[in-house]
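# Per-entry structural report
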2 protein chains.
Amino acid sequence: MFREENAKKGVTFPKGFKAAGVKAGIKKSGNLDLAVIYTEKEAAVAGTFTQNQVAAAPVYVSKEVVAGGKAHAITANAGCANACTGEQGMKDARETAAVTAEALGCDASEVLVASTGVIGVTLPMDKMKAGIKAAVASLSETGSVDAGNAIITTDTYSKACATEVEIGGKPVRFGAIAKGSGMIQPNMATMLCFITTDANIDQKLMQSALSEIVEVTFNMISIDGDMSTNDMVVVMANGEAGNAKITEKNADYEKFYATLKDICTGMAQHIASDGEGATKFLTINVSGAKSFADAKQVAMSVAKSPLVKTAFFGEDPNWGRVICAVGYAGVPMVPEKTVVKFGGIPVYANGVGANADEAAIRSVMEQHDIVIDVELGLGSESATVWSCDFSYEYVKINGEYHT
Amino acid sequence: MFREENAKKGVTFPKGFKAAGVKAGIKKSGNLDLAVIYTEKEAAVAGTFTQNQVAAAPVYVSKEVVAGGKAHAITANAGCANACTGEQGMKDARETAAVTAEALGCDASEVLVASTGVIGVTLPMDKMKAGIKAAVASLSETGSVDAGNAIITTDTYSKACATEVEIGGKPVRFGAIAKGSGMIQPNMATMLCFITTDANIDQKLMQSALSEIVEVTFNMISIDGDMSTNDMVVVMANGEAGNAKITEKNADYEKFYATLKDICTGMAQHIASDGEGATKFLTINVSGAKSFADAKQVAMSVAKSPLVKTAFFGEDPNWGRVICAVGYAGVPMVPEKTVVKFGGIPVYANGVGANADEAAIRSVMEQHDIVIDVELGLGSESATVWSCDFSYEYVKINGEYHT
């Protein structure tokens, strides 16, 4: 459903949103590293945040904005996470919002802030302030690509999408930019996703939709099992589409919900697929479970197993490592009832290898996108987790990414 | 306490034990791959086994032997795990015990069997039978080195130790061989450890000692977070030392317990240190926890984080990744109360970096053995986990180890 021609428009596709990305000098590489997204018309805002107890300063500040329910802007930087920075970090995060608000002529309590990068280093505030002013000065309806590039770290590409749907007889637009790459795991990670929409919707209803959707999208990806201090997914809805305000769970809400879920699913898949050093995109479907929680736990156990991940990197159809990870997931299972499939081909059934056709399996393993099915045969619940393989490049990126 | 000169004697150091390792042709490399350990005098036997629900056939068979309480021999092979092999696998495991028993003139119900290697392939029984006969024919008091080499897979060296202690006025000897390397994580892994002793001790008391000790030794190591289908730790005590039988928790028991714990600690540390592709040996001490379980959970979270492991591989003093893993461990913690030290030097305290001396920290990171201390400041319980780093070599070993 994503219109490729609109993906570049990203967060500026919905009416009334502008964006910019500038080089503030925070990244050592000298690349784009500071983004501002702005809507002149006040937007309802919803957000979900990292559950890591060591949360970064911008997470605390942005949570306050979401609690207020209204926002005009997001200021995000890469190159410095502003995490484990104590009181100075909180002061800097608040100042980031204040400087942005002053440049835009709005209230600081309506400016979200986000950071990603090295932990334990304070923000270079002189560079931040100059960067914010430059970004605000260059805000435009074509600024989403630069904004997207300004928030990435070890991502190989900026994730973006844009889509339009009819709600209440009006065309309603959605757009998003996201970054992921390292530290991606359940309950989110250094995963930033900013979604804009010109839909007119009640803030509480939108928050409830986002919270539900994040559970089955962003919380279902795993790259390396680490959970970052800085994650956030934020939606701003400015109502510019002019649809009758969505205030209850009616047909309009269902359309809004389905579109937001599609966007979150797509962004989550892109993030998993572009995991640090990834050469494979793995979709792990666990079915026949007694509960969603059981199915998710089994799928995550497979997704997080370094032995499984390195086997897929080596294109080795090593189903033994998959069934092994199912066996230690901590969920009751019966080996003889369990079926494992790679690319739809059974590789394990009845407690033993399924003697799959070698050429067919080899062809599955050579693909970039591989589906692993695990059928537990114990119930009717299921879950899908998206992940990637483990490569030399992962070790290189993370062994050489210095503090 | 381990006497280096005796380590080579390993499982044959205690009186009455013989061992052998032969080339049965199971490993593709043509290296030693089948071991037999034997005591003519019947031994009391204790064991702990994998908790993976997909347990290999030899695990089921050996559990039955331990339930019987008595053993004469262990037959172990590398190159084939005999896991996920269904009824044929059970038949083969039983036949392995039967063929060994026949060659030794003992009962098959007193022969433990163990396997390690590829999952999903049945044992080549012709090679196994010939190998068992050859091994039994070459049993000797100098056979421990060959037996140790016959059970390793991707280990870079065979783990062995031997020690003597006075119990009840008699010299009592202990010896061990072990293999580890991949799939090492809590609750054991493709981790085989065979311990022999000529101590005279009640079987139930020995089982209770072993179960306790495994919790704080072998279950406290983590290499890649995977748990194998084939783990086992087995102790055989044949009573040849002639000490008064230990039947209660007296001073003799305490000595036996302390020695067994030292052996298990040493073997567990060796296995963690020789993790697949490891270049660093990491000791993670978590203190100030409300319970041992909390402390272990936090230590395991740090030990299992690929981002922490790759940082240590890169000799990067990236304490941010450590405190991040502490924050998502699932145990309540207070960032401002937590202290992290590398090699005894504080690197994180009061919620921020501790401005440690760069040269001093660099010198710590360059060592092979590195101690990470995490002080939670919330209670008085502690736990220690042993682990290793994540290197290119880990990916190479596991991406290229084909089924």
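Conventions used here
- Residues numbered from 1 in each chain as written.
- Chains lettered and ligands numbered in written order.
- Predicted model: local features only at pLDDT ≥ 70, side-chain atom pairs only at ≥ 80, totals over all residues.
- Heavy atoms only, no water.
- Helix = DSSP H or I, 4+ residues; strand = E, 2+ residues; numbered from the N terminus.
- Contact = heavy atoms within 4.5 Å.
- Lys, Arg positive; Asp, Glu negative; His and termini not counted.
- Charge placed at Lys NZ, Arg CZ, Asp CG, Glu CD.
- Salt bridge = Lys/Arg side-chain N within 4 Å of Asp/Glu carboxyl O.
- Buried < 20%, exposed > 50% of the residue type's maximum accessible area, 1.4 Å probe, protein only.
- Phe/Tyr/Trp six-rings, centres within 6.5 Å; stacked < 30°, edge-to-face > 60°.
- Lys NZ or Arg CZ within 6 Å of the ring centre and 35° of its normal.
- Expected span 1.5 Å × (residues − 1).
- Pairing = 2+ DSSP bridges.
- Axes fitted to C-alpha atoms, helices over the stretch in contact; angles between N-to-C directions.
- pLDDT = per-residue confidence, 0-100.

## What to know about the overall build of chain A
- Along its length, chain A carries 12 helices and 15 strands.
- With respect to the principal axes defined by its C-alpha atoms, chain A has extents near 65 × 50 × 35 Å.
- Put simply, of all contacts in chain A between residues at least 6 apart along the chain, 81% involve residues at least 24 apart.
- Between the centroid of the 35 positive side chains of chain A and the centroid of its 46 negative side chains there is a distance of 3 Å.

## Some points on the pattern of salt bridges
Residues and elements named next belong to chain B.
- For the structure shown, the criterion picks out 18 salt bridges over all chains.
- One salt bridge in this structure joins K280 and E315, with 2.7 Å as the shortest N-O distance. On the criterion of sequence distance, the pair formed by K280 in the loop between α7 (251–273) and β10 (281–289) and E315 in the loop between α9 (306–313) and α10 (319–327) is long-range, its members being 35 residues apart.
- Note on K280: relative accessible area 3%, which makes it buried.

## Regarding the side chain of A:N77
- Checked against the element boundaries, A:N77 lands in strand β3 (residues 70–80).
- The residues contacting A:N77, other than those within four sequence positions of it, are A:I26, A:D33, A:L34, A:A114, A:S115, A:T116, A:L123 and A:M128.

## What to know about the environment of A:D262
Residue and element names in this part refer to chain A.
- Note that D262 resides in helix α7 (residues 251–273).
- Relative accessible area serves as the criterion here: at 35%, D262 is assigned to the partly exposed category.
- Expressed as a C-alpha distance, the spacing of D262 and T163, which sit 99 residues apart in the sequence, is 9.7 Å.

## Examining the packing of aromatic side chains
Residue and element names in this part refer to chain A.
- One pass over the full model with this rule turns up nine aromatic pairs over all chains.
- Pairing Y253 with Y257 gives two aromatic rings, centres 5.8 Å apart and planes at 45 degrees, and the pair type is tilted. On the criterion of helical spacing, the pair formed by Y253 and Y257 is a turn pair, its members being four residues apart in helix α7.
- When the ring centre of Y157 is taken as origin, the NZ or CZ atom of K159, which lies over that ring, is 4.7 Å away.
- Between K309 and the ring centre of F390, over which it is positioned, the NZ or CZ distance is 5.8 Å.

## Observations regarding helix α3 (residues 86–104) of chain A
- Its 19 residues give α3(A) an end-to-end C-alpha distance of 28 Å, which sits within 8% of 27 Å, the value for a rise of 1.5 Å per residue.
- Restricting attention to buried positions, one finds in α3(A) the residues A:G89, A:D92, A:A93, A:T96, A:A97, A:V99, A:T100, A:A101 and A:L104.

## Re the sheet that holds strand β12 (residues 345–349) of chain B
All names here are of chain B.
- Here we have seven strands laid out as an open sheet, ordered β8-β15-β10-β14-β11-β12-β13, and mixed in their pairing. The open sheet has two edge strands with one neighbour each: β8 (221–222) and β13 (352–353).
- Both β8 and strand β15 (residues 381–388) contribute to a ladder of two bridges, which runs parallel. By the bridge assignment for β15, S222 is matched with S387.
- Across the face of the sheet, helix α8 (residues 292–304) comes into contact with β8, β10, β14 (369–375) and β15 while running at roughly 25 degrees to β15.

## Quick word on helix α2 (residues 57–68) of chain B
- Here α2(B) spans 17 Å end to end across 12 residues, near enough to the 16 Å set by a 1.5 Å rise per residue.
- Within α2(B) the residues assigned to the buried category are B:A57, B:P58, B:V59, B:V61, B:S62, B:V65 and B:V66.

## As for the sheet that holds strand β11 (residues 339–342) of chain A
All names here are of chain A.
- Read from one edge of the open sheet, seven strands run β8-β15-β10-β14-β11-β12-β13, paired in mixed fashion. Edge positions in the open sheet fall to β8 (221–222) and β13 (352–353), since each of these has one partner strand only.
- The sheet contacts of helix α11 (residues 358–365) involve β11, β12 (345–349) and β14 (369–375), and relative to β12 the element is tilted by about 105 degrees.

## Looking at the confidence of the model for chain A
Residues and elements named next belong to chain A.
- Chain-level statistics for chain A give a pLDDT mean of 90 and a share of 92% at 70 or above.
- Taken together, the stretch residues 183–189 has pLDDT below 50 and engages in 48 contacts with residues farther than four places along the chain or on a different chain.
- Scored as a complex, the prediction yields pTM 0.80 and ipTM 0.72.

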